[in-house]
Amino acid sequence: MTDVAVDLARRIEGVLTAHPPETTDRLEFLRARFAAGLAWVHYPEGLGGLGLDARYQPDVDAVFAAAGAPDNRPHGNVIGLGMAAPTVLRYATPEQQQRWIPPLWTGEEIWCQLFSEPGAGSDLAAAGASARRDGDAWVVNGQKVWTSLAHDARWALLLVRTGPTLPKHQGLSYFVLDLTTPGVDVRSLRQLTGEAEFNEVFLDDVRVPDENRLGEIGEGWKVTQATLMNERVAIGGGAGTRESGPIGDVVRLWRESPQARRPENFDALLRLWTDAEALRLTGARLGQQLEVGAPGPEGSGLKLAFAELAQAAASLQLDLLGSEALRYDDWSLRRPDFSSPPDRVAGYWYLRNRANSIEGGTSEIMRNIISERVLGLPSEPRVDTDIPWKDLPK
Amino acid sequence: MSQIPSLLYADVEDDLRRAVRVMLADRAPIEEILDRSDQEDAYGKGARQIWSGLVEELGVAALAVPAELGGAGASWREVAVVLEELGRGVVDVPFFTSAVLATSLAHEAGAIDLLGELATGEAVGAVVASFAAPLVPPEGLTWDGRVVSGTVRTVAGVAEATHLLVPVADALLVVAAEQADALAVPSLDMTRRVADVTFEGVEAAVVAEGPEVVVALARSADLAAALLASEQLGLAERVLELTVDYLKQRRQFGRVLGSYQALKHRLADLWTSVTQARAVARYAAACASATDGPDASDLSVAASLAQAVCGEVALRAAEECLQLHGGIGFTWEHPAHLYVKRARTDALALGTPSWHRRRLADLAGLPHPA
Ligand SMILES: Cc1cc2nc3c(=O)[nH]c(=O)nc-3n(C[C@H](O)[C@H](O)[C@H](O)COP(=O)(O)OP(=O)(O)OC[C@H]3O[C@@H](n4cnc5c(N)ncnc54)[C@H](O)[C@@H]3O)c2cc1C
C-alpha cells in the first residue's frame, strides 16, 4: 500500500470506530464522514475532501459500503453532486461553499437546474426568464421547464436574462436560487414513463440576493458552460467493471434464460457487448487523462455513445423477452423513488433511456460541439449571434 | 477498484512516435507509396530503404524482443506506437508481418536464433498461413519429418522475407525463403501484398514440435490481432484528418462543405468511434505487454475486442474518407483508395470482426443460441 492508501485506511477506520454504522444515525454518520474529508477525497479540506487524487475515491466508497455504512443516496441528487457542487466550488465565495456544500453532499439539501425554458432548450443561450435589479437583490420572472428533481430540491442553479438589449450570449447571469423563496411555483410534469421526475417551475417576482450570483453580471453563459461540461462528464459516466452499466441486464438475461437466446439477436448482443466494453475503456482512458491533468475532449463523445448504448441495450432486452415485453408495470403518476436504483420492467427502461439523447444536451447538439470544437469545422451560417436578444424572432 | 492498465502514451512512446513520424515524413511520402503500389516488384528499392532506416536507425524490429535475446527489451506497447505511425501512412514495409507476426511466433515457440536475427534486421520473417484466417496451421501442407511439400495461398509479407516460419500440423518449421516458390498475386491491399507459397519437397528445420506449438500459435495469433488494432487506429486517425481538412477547404453551393451539418455529424460520430478505437487498441497493447497478472490473462478478450472494434472503425473511416472526397476520392491519383484497400484487408486479416465477436461470446461465457 502507498502512504496515501495507508493514511486513508486509518481515517476510514477512525470514522467507523467513532461512529459505528449499526448504531449511528444515518445523517450523523454522513456528516462525520464529510468532516473527516472522506466524502470526496479530491475536494479541498474543509469541504469534504483531502485535496487528493480522485482515483482514491472508489476504494474509499467500497470500504465504507463493505462496513455497512449508509451512502448519501447519490441517485437522488445527481445534479447537486455532479453539477452544482463543482460550479459552486469554482464560482462561490468560501462562506457560500461552507453553507452549501456539506448539506449537498449528505443529501440533506437536493439541488436542481433551472436552465431550460419552453422557448430555449438546445438554444439555451436564448433563455428569456428576466431578472431586474432592485437594490441588493434581483427580481426574477419567467418559466422554466423539464426541471428534474425541482420538487425535492432546496436550491436551484438559475440562468436568467439580465441584459435583454445585448446579444443573447452576453446578457445572461447565473444565480443560486433558494426554492423556498416566495413566488416559486413547482408543478409536476408527467413524462412518458408515467411518472413525474421533472417539473415546470414558474417564477413570479422572485427575489434573489445579488450575493447569490455566480460569476459577473453578463457572464452567465460562461458559468453555464462550466456546469454543462460537468453534466456531460457525469452522464458519460466513469468506468465500472466489465458488463456493468446498461449492458448488464441484457447479458444476464441471455445467460440465465435459454428461451431468450434468439439466434436472430445473437450478433446484436455481441455488438452491444463490444460497444459496452469499448465505452468502458474509453471512460477509463478519459479518467486517466484527468488524473494526469490532461483532460481530453472525449467527454462529449462519451455522452453521445453512452446514450446510444443504453438505448440499444434496453431495446434489445425487449426483443429477447418476447411476449413478456408487451407488459408494463405501472403507469400511475408518481414521483420516482431514488432511495435505491429503481426496480422496473424492461419497457420502463426502454422508455426512460430515450431521454439519454435529449437530457443534458441532445445528441445532435453533442455532434455539433464535437465537429466544431474538436474537429474545427465551421458552424452553420448563423443569424442570431450579433443582434440584441430582444430583437430575435421568438 | 477496477484495475485497468494505463491506456495513455508514456513519454518514451511519445518520443518513439516522434522519431518514426519524422523519418516517415521524410522517406515515405504517400505519393511515392502510391507510385510504386502497382509496380511489379513487390518489394522494391523505395520500400527497402524505408525498412532499413526503420530497422537500422530506429531499431524498431528489436523493440519487443527481450534484451537477453538480442532485442531492445521494450514491449509490445512501443511496437503498437510504431504500427500506428505506419498505419497512418500505409507504409509498404514488412513491419507487421516480420516484427509482429513472425517475431511473436518465433518468440513464443522459442526460435531463439531466428529471433535475434529478426531483431537486428538480418532476417525478415513471414508466417506461412493465409493472412485472411485466424492463425492456424494451414491445410495443404505435408511434412514427413524431413521435407515439407504443398501450397499455401495468400500469405502476407513473403516477398520481403528471408525466413519463412511454417506451421504444419503440430510442428513449426523454418525454411529459407529462397527455397520456397513464391508466386506474387495481384493483391487487394497493394501496400501489403500476398503471395501463394509452394514447397516442393523442401528440407526444413524444426523449431518446435508438439502441444507447445499449438500454444505458441494461439498466443501469437492473439498478439498479432491485438497489435493489428494499432495499425487500424493510426489509419483511422489519419483518414479522419484528411477528410476534415478536405471539407474545410472544399466549397460547393457557395459554402465550405464542412459547414453542412449532415457532414459534420458523420464526422463527429466517426471521431467518437476513433476515440473508442484508441482506448481499445491501447488496452490490447497493454495486455500484450503484460507478462503476468489479470492483464496478461485478458489478452484473448482484448485481442478479439480490438479486432471487432478497430477493424470496423478503420474500415468505416476509410470508406467515409472516400465518400466525402467525392469523385476525386475515386481516382487512382488520390491516396484514399490505398487506405480503403488496407482497411478492408485488415478487417479480413487474422479473422473478421464478426468472427472475433463470436469468439468473444465464448470467452465471455455468452452461450450460443440453441
Ligand atoms: C428527462 C429529462 C430531464 C431534463 N432535465 C432538465 C433539467 O433538470 N434542467 C433543465 O434545465 N433542463 C432539463 N431537461 C431539458 C433538456 O435539456 C432539453 O430538453 C434539451 O436541451 C433539448 O431542448 P428542447 O427540448 O427545447 O429541444 P429542441 O431544442 O427544440 O430540439 C428539438 C430537436 O431538434 C434538434 N436540434 C435543436 N437544435 C439543433 C441544431 N442546432 N442542430 C441540429 N439539431 C438541432 C434537437 O436535437 C432535437 O432533436 C431535461 C430533459 C429531459 C428529457
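Residues numbered from 1 in each chain as written. Chains lettered and ligands numbered in written order. Predicted model: local features only at pLDDT ≥ 70, side-chain atom pairs only at ≥ 80, totals over all residues. Heavy atoms only, no water.

Draft legend 1. The interface of chain A and chain B, seen in detail. Opposite the 51 residues of chain A that make contact, chain B presents 47 residues. Summed over the three residues of chain A that lose the most area to chain B, namely A:Leu281, A:Arg285 and A:Leu375, the buried surface amounts to 15% of that side. Between B:Asp298 and A:Arg242 there is a salt bridge, with the nearest N and O atoms lying 2.6 Å from each other. Sorting elements by how many residues they give to the side of chain A that touches chain B places helix α8 (residues 266-291) of chain A first, with 17 residues. Class assignment of the residues belonging to the side of chain A that touches chain B gives a composition of 23 nonpolar, eleven polar and 17 charged. (Contact = heavy atoms within 4.5 Å. Buried area = accessible area lost by both parts, 1.4 Å probe. Salt bridge = Lys/Arg side-chain N within 4 Å of Asp/Glu carboxyl O. Helix = DSSP H or I, 4+ residues; strand = E, 2+ residues; numbered from the N terminus. Nonpolar A, V, L, I, M, F, W, Y, C, P; charged D, E, K, R; others polar.)

Draft legend 2. Highlighting the UniProt feature "domain: Acyl-CoA oxidase/dehydrogenase middle" (unreviewed entry) in chain A. If you check UniProt for "domain: Acyl-CoA oxidase/dehydrogenase middle" (unreviewed entry), the listed places come out as residues 112-206 of chain A in our numbering. Structurally, residues 112-206 of chain A is divided into 0% helix and 51% strand, and its ends, taken at the C-alpha atoms, are 17 Å apart. (UniProt positions renumbered as here; feature names shortened; annotations may be inferred.)

Draft legend 3. Quick look at helix α7 (residues 247-256) of chain A. Considered for burial, the residues of α7(A) that qualify are A:Ile247, A:Gly248, A:Val250, A:Val251, A:Leu253 and A:Trp254. Where the residues of α7(A) are buried, they touch α8 and α9 (298-321) of chain A. (Buried < 20%, exposed > 50% of the residue type's maximum accessible area, 1.4 Å probe, protein only.)

Draft legend 4. Expanded view of the environment of B:Ser37. All names here are of chain B. Considering the arrangement of structural elements, one finds Ser-37 in the loop between α2 (30-36) and α3 (45-57). Sequence separation between Ser-37 and Arg-193 is 156 residues; the distance between their C-alpha atoms is 9.5 Å. Beyond its immediate sequence surroundings of up to four residues, Ser-37 is in contact with Met-190, Arg-193, Trp-332 and Leu-338. Within polar-contact distance, the side chain of Ser-37 engages the backbone oxygen of Leu-34 at 2.7 Å. (Polar contact = N/O pair within 3.5 Å; in protein donor to acceptor, adjacent residues only side chain to side chain.)

Draft legend 5. Quick look at the state of the cysteines. All names here are of chain B. In total, this model carries zero disulfides over all chains according to the counting rule given. Cys-287 takes part in no disulfide bond, and the closest cysteine sulfur, belonging to Cys-310, lies 13 Å away. Residue class for Cys-287 comes out buried when judged on its relative accessible area of 0%. Unpaired in this structure, Cys-321 has its nearest cysteine sulfur neighbour in Cys-310, at a distance of 18 Å. (Disulfide = S-S within 2.5 Å.)

Draft legend 6. Structural detail: the sheet that holds strand β2 (residues 141-143) of chain B. Residue and element names in this part refer to chain B. One open sheet holds the four strands; their spatial order is β2-β3-β7-β6, and the pairing between them is antiparallel. The sheet terminates laterally at β2 and β6 (181-184), the two strands that pair on one side only. Each strand of the sheet is rotated relative to its neighbour by a mean of 20°, with strand direction disregarded. Strand direction decides the pairing type here: β2 and strand β3 (residues 147-156), joined by three bridges, are antiparallel. Residue pairing for β3: Trp-143 is matched across the bridge by Val-148. (Pairing = 2+ DSSP bridges. Axes fitted to C-alpha atoms, helices over the stretch in contact; angles between N-to-C directions.)

Draft legend 7. Summary view of the sheet that holds strand β5 (residues 171-176) of chain B. Residue and element names in this part refer to chain B. Taken in spatial order, the four strands line up as β1-β4-β5-β8 in an open sheet, and their pairing is mixed. Whereas interior strands pair on both sides, the edge strands pair on one side only; in this sheet they are β1 (125-127) and β8 (205-209). Within the sheet, the average angular offset between the axes of one strand and its neighbour, ignoring direction, is 25°. Relative to strand β4 (residues 163-168), β1 is paired through three bridges, and the arrangement is parallel. Its bridge partner lying in β4, Val-127 is registered against Leu-165.

Draft legend 8. View of the pairing of β4(B). Residues and elements named next belong to chain B. Within β4, five of the six residues are buried, which leaves the element mostly enclosed by the surrounding structure. Sheet analysis places β4 next to β5, joined by six bridges and oriented antiparallel. Paired with Pro-167 across the bridge in β5 is Leu-172. Here β4 hands over to β5 after two residues, with Ala-169 in that stretch at a positive phi of 50°.

Draft legend 9. Here's a closer look at the packing of α7(A) against α9(A). Residue and element names in this part refer to chain A. Across the interface, α7 lies against α9 with an axial gap of 8 Å and an inter-helix angle of 20°. Of the possible angle classes, the one that applies to α7 and α9 is roughly parallel. Along this stretch, α7 crosses α9, giving a crossing that reads as left-handed. For the pair formed by α7 and α9, the contact residues are Ile-247, Asp-249, Val-250, Leu-253 and Trp-254 on the first element and Ala-313, Leu-316, Gln-317, Leu-320 and Leu-321 on the second. (Parallel < 35°, antiparallel > 145°, perpendicular 65-115°, else oblique. Left-handed = near helix turned anticlockwise from the far one by under 90°.)

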